[in-house]
Amino acid sequence: MAIHRHDNHKSANALMEWVDKRFPATKVWNEHLAEYMAAKNFNFWYFFGSLAILMLVVQIATGIFLTMHYKPDAELAFASVEYIMRDVPFGWLVRYLHAIGASMFFVVIYLHMFRGVIYGSHREPRELVWLIGCVIFVALMAEAFMGYLLPWGNMSYWGAQVILSLFDVIPFVGPALTEWIRGDFVISDATLNRFFAFHVILLPLILVALVFLHLVALHQVGSNNPDGIDIYDNVDDDGKPLDGVAFFPYIVIKDLIGVAAFLIVYLGVVFFWPDGGGVLLEKDNFAPANPLQTPPDIVPLWYFTPYYSILRASTTSLLFALQIITGVIVLWLWLRAKISLIAKVAFTGLAVCVFAGLVFGSGKAWGVILMAAAIVCFFLLPWLDRSPVLSVRYRSLPFKIALAFFLVAFFILGYLGMNAPTPGKTLLAQICTVVYFAFFALMPWFTSIGKTKPEPTRVTYEAH
Amino acid sequence: MADNNVSDVNADGMSVEDQKRRRFLTGITAGFGAVGVGVAVVPFVMTMSPSERAKNAGAPVQYDFSRIQEGQMVKVEWRGKPVVLLKRTSEMMAGLDAIKGSLADPDSVSSAQPSYAQNNQRADFGKPELLVMEGVCTHLGCSPVEKLAIGPDPQMGDDSQGGFFCPCHGSKFDLAGRVYKNVPATTNMAVPPYKFEGSVITIGEDDGRTA
């Protein structure tokens, strides 16, 4: 029984008709490009999805050419990177494109995520788009972390040492697990070799698959827009949204402008400021790995520093502050919260467990838990956000204030993570850590109070 | 729904008995398949464990400690980790008692060391001045920097009795590797097993001695 799925899509010519009978080329083209409708009021923030795909392609392309010269061997790795920089024709360019590309990828991804938060793109019906995106973010962090070991510089080595030691805090199996991941008692040739395998094969495959799923989920529910309203609420006689334009060619052409501007910045850094003043290429990584000599300041690359600050901020005094906060929450629960008695008892039981953990657990273990929790919070956003409107344009004042606090805390944490710890900086990091988590913990409250502005029925748009 | 008259036959004309049989066969096939996949995964997981070559590289190392001057520190490599050998002066030894109140685990109760090194100087009673210790921060495995001078230090504080400072996350240790209070690390730096033969110390082997 033949099912003519391509009935609705007219083939362009005889050749395409032949193909379309055997492969849904025209159908896919139409559904996902030529007839995929996106709002016509897309703005600056909507460049970063396409730019993320561009960066994925750039990283894979440059990565392939780097593997032609790189040697994943503890004896040869550092020298082979220098060989690429000095002797391989244009090797310096490919390597800088890849190394700076990693940073640019994270710039793009962070802005892409921020767009989601301010326009409510994580809210119903796009929760799965957001969740898959969060998994992409985690996979990208793993990819970047493993890639950073490969040049086998001293910062590569000690950065990997610090992050792999995080697994040591897992009860019972931690040390054995760390040894299994390293393949040795220390970070060694075995570790470098397997990180190379993960970095060039496993994680790129996972990333490409996840990006595919991200787009499938997006195209199932349709793109959001800066007004956060459904463009399918206003359709013409053919069922096409009045405020929508076809992704191809309109959005594609628009995104090409973004690509051009982005490339100016990206290539500008690559050609004129490749080390970014020690932020993009760290100074200690210009020396080969030395297991007996820790660099004076171990700092991860900038895109990890907010979480790294949270890890470092977890000392006895932070745990003490968290104990007090837990106590206050329980007090509020019994005095003010309008929830059932069973829920109160359940939450109190949970709070007692957390409190006991804070009293008896070590700062190190809590540092790891808090760092992981800082990432997990992003996954929960679609359900923490209770605002009746999606876009920040119509949101209440409390949300905007909270978001501003979060951004400031996030940037301060990022800055502190790049600097050596001092008592004053540790205290500041601890305050920002509390603000960071308060943003997520209080979100159900501050998104449901205050007066929101009425949403428009049509997207805000002025023809140029 | 389709046929109300025959209650034990479904739309495909299959009896309830046959349906059960099909479900059982599907389940047992999938189950055995899953076991097979699980068993096949084992060798791949095992390949990632330390190889025989890596295990051999973890053999004990020896060092002639008579070459170390008083107040001098050397680092030797054992299992790829820096092991600190520090011959402490009498002032340094006196400082160990002075700062006991600011330590998180002064008696090394929750720290890793052989029983012969679980004491105030964290060293063998036969050679109490010789500190033998893995120079690895117990927070996240960095190598703390030695601050051997007694007196004010920007990182160790104004009343420093000397010690070790971890540049990664600011953990502080005294000259017996004992950790200070309110720093990221919570346990003292580990002491490896060791034994003496004349002036030669063997690190990584103590023949199971307890004193």
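Residues numbered from 1 in each chain as written. Chains lettered and ligands numbered in written order. Predicted model: local features only at pLDDT ≥ 70, side-chain atom pairs only at ≥ 80, totals over all residues. Heavy atoms only, no water.

Undergrad: How should I be thinking about empty space enclosed by the protein in this particular structure?
TA: A probe as big as a water molecule, rolled over the atoms, marks out the empty space that is left. Residues and elements named next belong to chain B. Across all of its chains, the model carries one cavity of 30 Å³ or more by this definition. Each pocket or cavity is described by its volume, and for the largest cavity that value is around 30 Å³. Lys-75, Val-84, Met-133, Gly-135, Ser-143, Pro-144, Phe-164 and Met-189 together form the lining of the largest cavity. When grouped by side-chain class, the residues that make up the lining of the largest cavity number five nonpolar, two polar and one charged. (1 Å grid on protein atoms, 1.4 Å probe; cavity = no way out; pocket = protein on both sides within 12 Å on 5 of 7 lines; lining within 4 Å. Points joined across faces, edges and corners; volume = space filled by probe spheres on them. Nonpolar A, V, L, I, M, F, W, Y, C, P; charged D, E, K, R; others polar.)

Undergrad: I keep staring at the domain arrangement of chain A and nothing clicks. Help me out?
TA: It is common to give the size of an interface as the accessible area lost on bringing the parts into contact. Residues and elements named next belong to chain A. Here chain A is partitioned into domain 1 (24-286) and domain 2 (302-446). When each unit is reduced to the centre of its C-alpha atoms, the spacing between domain 1 and domain 2 is 27 Å. Taken together, the contact pairs 35 residues of domain 1 with 30 residues of domain 2. Of the roughly 2,900 Å² buried at the junction of domain 1 and domain 2 (both faces included), carbon and sulfur atoms supply 73%. Our enumeration of links across domain 1 and domain 2 arrives at two salt bridges. As a salt-bridge pair, Arg-123 and Asp-385 come within 3.1 Å of each other at their nearest N and O atoms. Counting the contacts that link domain 1 with domain 2 gives twelve residue pairs in polar contact (both at pLDDT 80 or more). Listing elements by their share of the side of domain 1 that touches domain 2, those giving two or more residues are helix H5 (91-119) and helix H6 (127-149). (Domains from an automatic or database assignment. Contact = heavy atoms within 4.5 Å. Buried area = accessible area lost by both parts, 1.4 Å probe. Salt bridge = Lys/Arg side-chain N within 4 Å of Asp/Glu carboxyl O. Polar contact = N/O pair within 3.5 Å; in protein donor to acceptor, adjacent residues only side chain to side chain. Helix = DSSP H or I, 4+ residues; strand = E, 2+ residues; numbered from the N terminus.)

Undergrad: What should I look at first to understand the packing of aromatic side chains in this one?
TA: Aromatic ring pairs are reported here in terms of the distance separating the ring centres and the angle at which the planes meet. All names here are of chain A. In the structure shown here, the tally under the stated rule is 40 aromatic pairs over all chains. Considering the side-chain rings of Phe-106 and Tyr-303, the 4.0 Å spacing of their centres and the 10° angle between planes classify their relative orientation as stacked. Taken as a pair, Phe-106 in helix H5 and Tyr-303 in the loop between helix H10 (247-272) and helix H11 (305-313) lie far apart in primary sequence, 197 residues in all. When the centroid spacing of 5.8 Å and the interplanar angle of 70° are considered together, the rings of Tyr-110 and Phe-410 count as edge-to-face. With Tyr-110 in helix H5 and Phe-410 in helix H15 (residues 397-417), this pair connects stretches of sequence that are 300 residues apart. Of the two residues examined, Tyr-110 and Phe-410, each falls in the buried class. (Phe/Tyr/Trp six-rings, centres within 6.5 Å; stacked < 30°, edge-to-face > 60°. Buried < 20%, exposed > 50% of the residue type's maximum accessible area, 1.4 Å probe, protein only.)

Undergrad: Could you clarify how one ought to interpret the nonpolar core in this entry?
TA: In this structure, Tyr307(A), Tyr436(A) and Phe164(B) are the most contacted members of the largest nonpolar core, which totals 141 residues. The element best represented in this core is H5(A), accounting for 15 residues. Tyr436(A) has contacts with Tyr307(A), Ile310(A), Ala374(A), Phe378(A), Phe406(A), Ala409(A), Phe410(A) and Leu413(A), leaving out every residue within four places of it along the chain. Listed in part, the 17 residues of the second largest apolar core include Ile68(B), Val76(B), Ala117(B) and Val191(B). (Core = buried A, V, L, I, M, F, W, Y, C linked by side-chain atoms within 4.5 Å.)

Undergrad: Which parts of the structure should I look at to understand the environment of Pro152(B)?
TA: All names here are of chain B. Relative to the elements of secondary structure, Pro-152 occurs in the loop between strand E5 (145-147) and strand E6 (163-165). Each C-alpha atom, one on Pro-152 and one on Gly-162, is 9.1 Å from the other, the two residues being ten residues apart in sequence. Not counting chain neighbours up to four residues away, the residues in contact with Pro-152 comprise Gly-157 and Asp-158.

Undergrad: Explain a nonpolar patch on the surface here, please?
TA: Residue and element names in this part refer to chain A. Together, Ile-60, Ile-64, Phe-65, Met-68 and Val-208 give the surface a local cluster of nonpolar side chains, amounting to about 470 Å² of exposed area. Among the elements that take part in the nonpolar patch, helix H3 (residues 48-67) stands out by supplying three residues, more than any other. Position of Ile-60 among the secondary structure elements: in helix H3. (Patch = residues over 30% accessible without salt bridge, like charges linked within 9 Å, V, L, I, M, F, W, Y side chains within 5 Å. Areas by Shrake-Rupley, 256 points an atom, 1.4 Å probe, with all protein chains shown as cover.)

Undergrad: Explanation requested: unusual backbone geometry in the structure shown.
TA: The phi torsion of most residues other than glycine is negative, and most of the peptide bonds are trans. Following Glu124(A), the chain continues into Pro125(A) via a peptide bond in cis, with omega recorded as 5°. In this model, Phe248(A) is joined to Pro249(A) through a cis peptide bond whose omega is 5°. Backbone geometry at Arg122(B) places phi at a positive 50°, although glycine is not the residue there. The residue Arg122(B) is located in the loop between helix H3 (90-98) and strand E4 (130-134) in this model. Since its relative accessible area comes to 0%, Arg122(B) is described here as buried.

Undergrad: Whenever I open this one, the state of the cysteines confuses me. Can you help?
TA: Put plainly, a disulfide is one covalent bond tying together the sulfur atoms of two cysteines. Per the stated rule, a full pass over the model turns up one disulfide over all chains. Each sulfur of the disulfide joining Cys142(B) and Cys168(B) lies 2.0 Å from the other. For the disulfide bridge between Cys142(B) and Cys168(B), the dihedral angle about the S-S bond is near -110°, and by the sign convention the bridge is left-handed. Of this pair, Cys142(B) sits in the loop between E4 and E5 while Cys168(B) sits in the loop between E6 and strand E7 (172-173), and the two are 26 residues apart along the sequence. Among the residues examined, Cys142(B) registers a relative accessible area of 1% and is labelled buried. On the basis of relative accessibility, which here comes to 1%, the residue Cys168(B) falls in the buried class. Of all cysteine sulfurs in the structure, the one in Cys377(A) sits closest to Cys134(A), which takes part in no disulfide; the separation is 11 Å. In this structure Cys166(B) is not part of a disulfide, and its nearest cysteine sulfur, from Cys137(B), lies 3.8 Å away. (Disulfide = S-S within 2.5 Å.)

Undergrad: Whenever I open this one, the environment of Leu442(A) confuses me. Can you help?
TA: All names here are of chain A. Along the chain, Leu-442 falls in the loop between helix H16 (423-441) and helix H17 (443-446). On the basis of relative accessible area, Leu-442 is assigned to the partly exposed category, the value being 42%. Sequence spacing of Leu-442 and Leu-384 is 58 residues, and the spatial spacing of their C-alpha atoms is 8.4 Å.

Undergrad: Would you explain the layout of surface pockets in this entry?
TA: All names here are of chain A. Volume-wise, the largest pocket comes out at about 1,600 Å³. Taken together, 35 residues make up the lining of the largest pocket; nearest its centre are Ile-325, Ile-329, Phe-437, Ala-441 and Leu-442. Sorting the residues of the lining of the largest pocket by element identifies helix H12 (316-335), helix H13 (341-360), helix H14 (363-384), H16 and H17 as the ones contributing at least two each. In this structure, the second largest pocket encloses a volume near 1,200 Å³. Looking at the second largest pocket, it is lined by 45 residues, and the ones nearest its centre are Gly-49, Ser-50, Ile-53, Leu-215 and Leu-218. Going through the elements one at a time, helix H2 (25-34), H3, H5, H6, helix H9 (189-221) and H10 are the ones with two or more residues in the lining of the second largest pocket. With eight residues, the single largest contributor to the lining of the second largest pocket is H9.

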